[in-house]
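# Structure assessment
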Amino acid sequence: MNIALEPAIADDAETLAALRVAAMRPSLEALGRFDPDRARNRFLDSYTPEDTTVLRCDGALAGFMVLRHRPEDLYLDHLYIAPEFQGRGLGDRLLCAAMKRAQSGGLPIRLIALVGSPANGFYRSRGFVPGPDDGLDVPYLWQPRPA
């Protein structure tokens, strides 16, 4: 399997929004909150190609992440793997790229995950520390190792 991480371009917006909806669907349905238009529009309203990395497997879109650089941290706003590519370690590829960037900049990574989502186990197993949830989302923090 040939895996490539590439910068996103403006024309990727609709395709990435559709991938987000497909990837989030099971978790949102479990919470009784699946609204494909809302999920799509939430992504499109804040889409910034400069913050977005696309993951391709053998040329096919397999996933993406949006990592926003803020003065005090890196905010992992989105990380999704297309359902047909899940379970192959591709989320790890994206997350490792984010952690490497955070480590080199000496910045923590923050993110939120839906309560009850399988993403919670994924982030915890990679050293992210959960904060108190608000009934819908769980905030997470990952600290880089001291230099």
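Residues numbered from 1 in each chain as written. Predicted model: local features only at pLDDT ≥ 70, side-chain atom pairs only at ≥ 80, totals over all residues. Heavy atoms only, no water.

Before going further, it helps to examine the environment of Thr52. Summarising the element assignment, Thr52 is placed in strand S2 (residues 52-57). When neighbours within four sequence positions are excluded, Thr52 is seen to be in contact with Glu6, Pro7, Ala8, Leu16, Tyr47, Phe64, Met65 and Val66. A distance of 2.9 Å separates the side chain of Thr52 from the backbone oxygen of Thr48, its partner in a polar contact. (Helix = DSSP H or I, 4+ residues; strand = E, 2+ residues; numbered from the N terminus. Contact = heavy atoms within 4.5 Å. Polar contact = N/O pair within 3.5 Å; in protein donor to acceptor, adjacent residues only side chain to side chain.)

Before going further, it helps to spend a moment on helix H1 (residues 13-30). Here H1 spans 26 Å end to end across 18 residues, near enough to the 26 Å set by a 1.5 Å rise per residue. Along its length, H1 shows its largest kink, about 50°, at Met24, and proline Pro26 lies within four residues downstream of that point. Within the span of H1, buried status applies to Ala13, Leu16, Ala17, Leu19, Arg20, Val21, Ala23, Met24, Ser27 and Leu28. (Expected span 1.5 Å × (residues − 1). Bend = angle between axes of the 7 residues up to and from the residue. Buried < 20%, exposed > 50% of the residue type's maximum accessible area, 1.4 Å probe, protein only.)

For the coordinates displayed, the defined rule picks out 10 salt bridges. Ionic pairing is found between Asp92 and Arg126, a salt bridge with its closest N-O pair at 2.5 Å. Taken together, the residues span a long stretch of sequence, with Asp92 in helix H3 (residues 90-105) and Arg126 in the loop between helix H4 (119-124) and strand S6 (129-130) at a distance of 34 residues. A residue is classified by how much of its surface remains accessible, and Asp92, at 27% relative accessible area, is partly exposed. Through salt bridges with shared partners, a single ionic network connects Arg42, Asp51, Arg68 and Asp77. (Salt bridge = Lys/Arg side-chain N within 4 Å of Asp/Glu carboxyl O.)

By size, the foremost hydrophobic cluster in this structure holds 43 residues, and its most contacted members are Leu76, Leu95, Ile109, Tyr123 and Phe128. Contributing elements (two or more residues each) for this core: H1, S2, strand S3 (60-69), strand S4 (74-81), H3, strand S5 (109-114), H4 and strand S7 (137-142). Examining the composition of this core, we find that 7 residues originate from one element, H1, more than from any other. Beyond its immediate stretch of four places on either side in the chain, Tyr123 contacts Leu76, Leu79, Leu95, Leu111, Ala113, Phe128 and Tyr140. (Core = buried A, V, L, I, M, F, W, Y, C linked by side-chain atoms within 4.5 Å.)

On to the packing of H1 against helix H2 (residues 36-45), then. Interaxial distance between H1 and H2 falls to 9 Å at its minimum, and their mutual angle equals 135°. As judged from the angle between their axes, H1 and H2 are oblique. Along this stretch, H1 crosses H2, giving a crossing that reads as right-handed. Across from Ala13, Glu14, Leu16, Ala17, Arg20 and Val21 in H1, the residues of H2 making contact are Pro36, Ala39, Arg40, Arg42, Phe43 and Leu44. Classifying every residue of the contact of H1 with H2 by side-chain character gives 8 nonpolar, no polar and 4 charged. (Axes fitted to C-alpha atoms, helices over the stretch in contact; angles between N-to-C directions. Parallel < 35°, antiparallel > 145°, perpendicular 65-115°, else oblique. Left-handed = near helix turned anticlockwise from the far one by under 90°. Nonpolar A, V, L, I, M, F, W, Y, C, P; charged D, E, K, R; others polar.)

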